[in-house]
Every structure is written in structure tokens, then in C-alpha cells.
Amino acid sequence: MIWMRWPQHELYSLQFMRILQFAETGASTVRECYSAADQIRPGDSESWYREWKRLADDNRARAVRMLGEGHVRLAQGMFLRAGAYYRSAELFLADCDERRWRVLDAMQNCSLQYLRALDPAAEFVEIPHADEPIAGYFIPGASGGRKWPAVICVNGEGEPKDAHLFTIAARAVSRGLSLLLVDLPCQPANARRGVGSDRHEIEAGISACVDYLVTRGDVDEKLIAIYGDGLGASYAARAASLDTRFAAAVCDGGLFDSSYGHSVLGSFAGRPHGRLPDRGRHHGIARSIACPFLITINWECLPDTDAAVRLFDYCKSSGICADLEPSLLSGSLPDRQTWIEPDRNFIFDWITLKLAERH
């Protein structure tokens with residue numbers, strides 16, 4: 001069992017634990033998190049919003065002051081934490097609450113300040129796609145004249161690209177991997193503009209991201225991977241099954257599609273059930289993925305860890321090149337009460353090794 005800050009309020013406790021975990025990448029501090037928690041009334045969205053926004057405002061103000069005094073590295077960390085706290089402040093606000101968009105704008109502003117302070121500096125990019133460009137951050141893994149491996153990172157519905165800055169950016173860059181973090185049509189930035197979340201549009205959008213990376217002079221087009229977090233793991237699985245240019249994929253192997261079937265995916269795509277494509281029954285999506293892939297689970301989207309083990313066993317017996325997070329191979333499988341997030345250190349070690357095998 002995991003420790004709960006507020007045992008009677010599981011959702012608030014689990015979100016608090018996730019914010020604490022940001023400390024691993026410098027996107028939060030334990031002291032600041034507890035200072036906010038001490039003032040939050042569990043179950044009260046207003047106190048949650050107020051305390052995380054207070055921390056965010058404080059960090060951003062200090063970052064601006066440090067930047068003005070020439071302390072770029074100090075400012076960089078403060079902007080990162082401010083962005084993470086703004087994201088946290090937004091979590092329990094209603095979609096119609098105008099404060100939600102204001103704190104998301106503040107989060108993005110902090111993200112851009114953080115990215116500019118990196119060395120080498122990251123870029124805000126707009127990738128041509130259909131009627132609306134895909135907004136993204138390109139973070140180079142290293143400087144120099146050579147081409148580097150790159151990872152496209154996608155989140156699930158409602159999760160902005162900035163969230164990757166709080167969880168994986170430092171892990172990837174330290175391993176020499178460049179990152180392309182993108183807002184797909186289902187992310188808040190696009191929802192705000194009224195861009196729909198059609199399933200096929202998401203897959204086409206990911207393919208456009210590969211097209212973009214191939215044109216860059218600092219990316220090795222043969223060493224492009226995709227990483228899906230949360231519901232993004234299902235997007236990554238379908239993208240990898242349709243686009244053979246990926247050298248490695250971290251995804252759910254089609255588990256979400258095959259487990260939830262026509263009704264759920266029909267509601268996501270806004271289509272009648274009869275118009276949906278093959279659901280990946282009998283692991284059809286896994287069979288279609290040409291590159292090595294790592295099966296990962298996120299409790300928010302697919303808490304059935306037994307299904308992940310069954311898929312892994314099927315892949316092994318069928319000669320499909322798939323791996324499974326080591327925590328899922330143990331005799332005692334994790335569940336919602338004992339496991340919150342994927343092991344991202346293992347994930348990026350795995351990506352690094354798989355890309356090195358292709359080099």
C-alpha cells in the first residue's frame with residue numbers, strides 16, 4: 001500500500017504524490033509541496049488551486065529576478081518548478097473556469113523561459129499538419145555537428161506537452177536523446193481552439209511529427225523512437241503499427257484498444273461504432289508494430305496489469321520483439337494502491353539501448 005496524504009481523498013492524495021515525484025527531475029521540491037499540502041483542505045478544489053498557484057507565482061517572480069541578475073541556471077530551475085505548480089493548480093478547475101486557461105498560459109510561458117535557458121537552447125516549433133499546425137518543443141540532446149537519436153513524446157487526452165518537461169526531459173537529455181514534445185489534437189491547447197480529437201487525426205499528426213524530424217539536420221532519421229505516456233501509450237501503439245519509420249516504441253501494444261473496444265473508442269472519435277477500424281482484437285496492433293516495443297502501464301488508463309503480462313507472453317511465443325517493465329514481471333503485480341507511475345528511468349534506459357542496437 002502506498003502512503004496517502006489524505007486517506008479519505010484518494011484522488012487528491014494520488015495527485016499530491018505525482019507532484020512530489022516531480023522532485024526527481026527538479027520540477028518540484030519536497031519542502032514546497034508540503035508547504036502547499038499543509039494549507040489544502042482535502043476535497044476543496046479552491047484551496048488546491050490557491051496553494052499551488054501561490055507556489056507557482058512565487059517561483060516565477062524569483063526566476064524573473066534571478067534572470068535579470070544574470071543567474072540563468074538558477075532561473076531555469078525556478079521556471080521549471082513554476083510551470084509544474086501552475087499545471088498542478090489547474091487540475092481540479094472546471095473546463096468552463098476562465099482561470100484554467102490563465103494558469104495554462106502561465107505554465108506555457110514558464111516552459112518557454114525554461115527552454116530558452118537550456119544549453120543548447122530548445123526551440124518552439126510548429127509542424128505543418130492539415131488545417132492546424134502541431135505545436136511542439138524540440139529539445140536537443142547535445143550540441144555539435146552530428147545527427148542524434150530523437151524521441152517523439154505524446155500524452156493522453158487533456159494532458160499538455162509541458163507535462164513531459166516535469167517528468168522525462170532531464171532523463172532523456174542526460175542520455176543524449178533529443179526530444180520532440182507535441183500537443184496532439186486532443187490536448188488542451190488545441191481543445192481551446194476547437195480542434196477535434198478524431199483518432200485518425202491523432203495518428204496522422206504523429207506521422208507528421210516523424211516527417212518533421214526527418215527534415216532536421218541534427219536528427220538521425222533511422223533512430224527515431226516514440227514514447228506514449230498515460231492514454232498516449234495507446235496513441236503511440238497505433239502510430240507505431242502504422243508507421244514503419246520508428247526504431248523503438250514505448251506503448252501499450254494495443255491493450256487499451258482491445259480492452260475497451262468499440263463503445264469507448266467510438267465516443268473518443270465521435271463516430272458510429274460501425275465506422276471504427278479494426279480494434280486490434282487478438283493483439284492485431286502488437287503484430288503490426290515492426291520495431292521493438294516496451295509495454296508500459298499507467299494506472300489512470302489501464303489498471304489491468306494481468307492483460308499486459310498476457311500480451312507479453314503472447315509476443316514472446318509469437319516471435320514479436322516486445323519487452324515489459326520489470327515491475328510487471330514479478331510475482332506480485334502492482335495495482336492502483338501500490339504503484340502510481342511508470343519507471344521512467346528504466347524506460348529511457350531501454351530506449352537508449354534499443355536505439356544503440358540500431359546505430
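Remember, it's a predicted structure, so these values are computed and weren't measured experimentally.

(A) The side chain of Arg100, seen in detail. Looking at the secondary structure, you find Arg100 in helix 5 (residues 98-116). Overall, Arg100 belongs to the buried group, its relative accessible area being 10%. One polar contact links Arg100 to Glu90, side chain to side chain, over a distance of 2.4 Å.

(B) Geometry of helix 14 (residues 344-358). If you check helix 14, its first and last C-alpha atoms are 21 Å apart, about what 15 residues at 1.5 Å a residue would give, namely 21 Å. For helix 14, the set of buried residues is Arg344, Ile347, Phe348, Trp350, Ile351, Lys354 and Leu355. Mapping the buried residues of helix 14 onto a view down its axis gives an arc of 150°, with all of them on the same face. Summarising the geometry of helix 14, the exposed residues directed more than 90 degrees from the buried face are Leu353, Ala356 and Glu357. The N-terminus of helix 14 is capped by Asp343, whose side-chain oxygen sits 3.3 Å from the backbone nitrogen of Asn345.

(C) Summary view of the packing of aromatic side chains. All told, the structure shown has ten aromatic pairs when counted by the stated rule. Between Phe16 and Tyr34, the ring centres sit 5.5 Å apart and the planes meet at 85°, which makes this aromatic pair edge-to-face. Linking Phe16 in helix 1 (residues 10-21) with Tyr34 in helix 2 (residues 30-37), this pair joins segments that are 18 residues apart in sequence. Lying over the aromatic face of Tyr49, Arg99 brings its terminal NZ or CZ to 4.5 Å of the ring centre. If you follow Arg216 out to its NZ or CZ, it ends over the ring of Phe138, 3.7 Å from the centre.

(D) Local environment of the packing of helix 4 (residues 72-90) against helix 5. Look at helix 4 against helix 5: their axes get within 8 Å of each other, and the N-to-C directions meet at 160°. Comparing the axis directions of helix 4 and helix 5 gives the class roughly antiparallel. As helix 4 runs across helix 5, the sense of the crossing is left-handed. Contact residues: Gln76, Phe79, Leu80, Ala82, Gly83, Tyr86, Arg87 and Glu90 in helix 4; Arg100, Val103, Leu104, Ala106, Met107, Cys110, Gln113 and Tyr114 in helix 5. Its residues placed into classes, the contact of helix 4 with helix 5 shows ten nonpolar, three polar and three charged.

(E) Local environment of the packing of helix 1 against helix 2. Two elements in contact, helix 1 and helix 2, have axes whose closest approach is 9 Å; the angle formed by their N-to-C orientations is 155°. Taken together, helix 1 and helix 2 sit at an angle that is classed as roughly antiparallel. Our pair here, helix 1 against helix 2, has a crossing hand that is right-handed. Judged by residue contacts, Phe16, Ile19 and Leu20 of helix 1 engage Val30, Cys33, Tyr34 and Ala37 from helix 2. The residue makeup of the contact of helix 1 with helix 2, split by class, is seven nonpolar, no polar and no charged.

(F) Spatial organisation of the sheet that holds strand 3 (residues 148-154). With mixed pairing, the eight strands of this open sheet are ordered in space as 1-2-4-3-5-6-7-8. Only two strands of the sheet have a single partner each, and these edge strands are strand 1 (123-127) and strand 8 (322-324). Pairs of neighbouring strands in the sheet enclose a mean axial angle of 25°, with direction left out of account. Here strand 3 runs beside strand 5 (residues 219-228); their pairing, made up of six bridges, is parallel. By the bridge assignment, Trp148 is partnered in strand 5 with Val219. Helix 5 rests against strand 1 and strand 2 (134-139) of the sheet, and its axis sits at about 35° to strand 2.

Each value, and the rule that gives it
- Chains are numbered independently. Their residues run from 1 in the order of the written sequence.
- Per-residue local features are limited, in this predicted model, to residues with pLDDT of at least 70; the limit for side-chain atom pairs, both in listing and counting, is 80 or more; totals at the level of whole chains, interfaces and linings are taken over all residues.
- Only heavy atoms go into the side-chain values, all of them from the structure, while hydrogens and water stay out.
- What counts as a helix is a DSSP run of H or I of at least four residues, what counts as a strand is a run of E of at least two, and both are numbered from the N terminus.
- Only protein chains enter the calculation, and the probe is 1.4 Å; a residue is then buried if its accessible area is under 20% of its type maximum, exposed if over 50%, and partly exposed in between.
- Identification of polar contacts relies on pairs of N or O atoms within 3.5 Å, with a donor-acceptor requirement for protein atoms, meaning one able to donate a hydrogen and the other able to accept it, and with residues adjacent in sequence counted only if both atoms are side-chain atoms.
- What a helix should span is 1.5 Å times the count of its residues minus one.
- Taken from the helix axis, the directions to the C-beta atoms give the arc we talk about.
- Any two rings among Phe, Tyr and Trp, with Trp reduced to its six-membered ring, count as a pair given centres within 6.5 Å; such a pair is stacked if its planes are under 30 degrees apart, edge-to-face if over 60, and tilted if neither.
- Any Lys NZ or Arg CZ found within 6 Å of a ring centre and within 35 degrees of that ring's normal is scored as a charge over the ring.
- Under this scheme, a helix contributes an axis fitted over its contacting stretch, all axes are lines through C-alpha atoms, and angles between N-to-C directions fall in the 0 to 180 degree range.
- Here is the rule for angles: anything less than 35 degrees is roughly parallel, anything more than 145 is roughly antiparallel, 65 through 115 is roughly perpendicular, and the remaining ranges are oblique.
- By the definition used in this description, the sense in which the near helix is turned from the far one sets the handedness, with an anticlockwise turn below a right angle giving left-handed and a clockwise turn giving right-handed.
- Pairs of residues are marked as contacts when any of their non-hydrogen atoms sit within 4.5 Å.
- Three classes are used: nonpolar for Ala, Val, Leu, Ile, Met, Phe, Trp, Tyr, Cys and Pro, charged for Asp, Glu, Lys and Arg, and polar for all others, with Gly counted as polar.
- For two strands to count as paired, DSSP must find a minimum of two bridges between them.

Any functional reading would require information that these geometric values do not contain.
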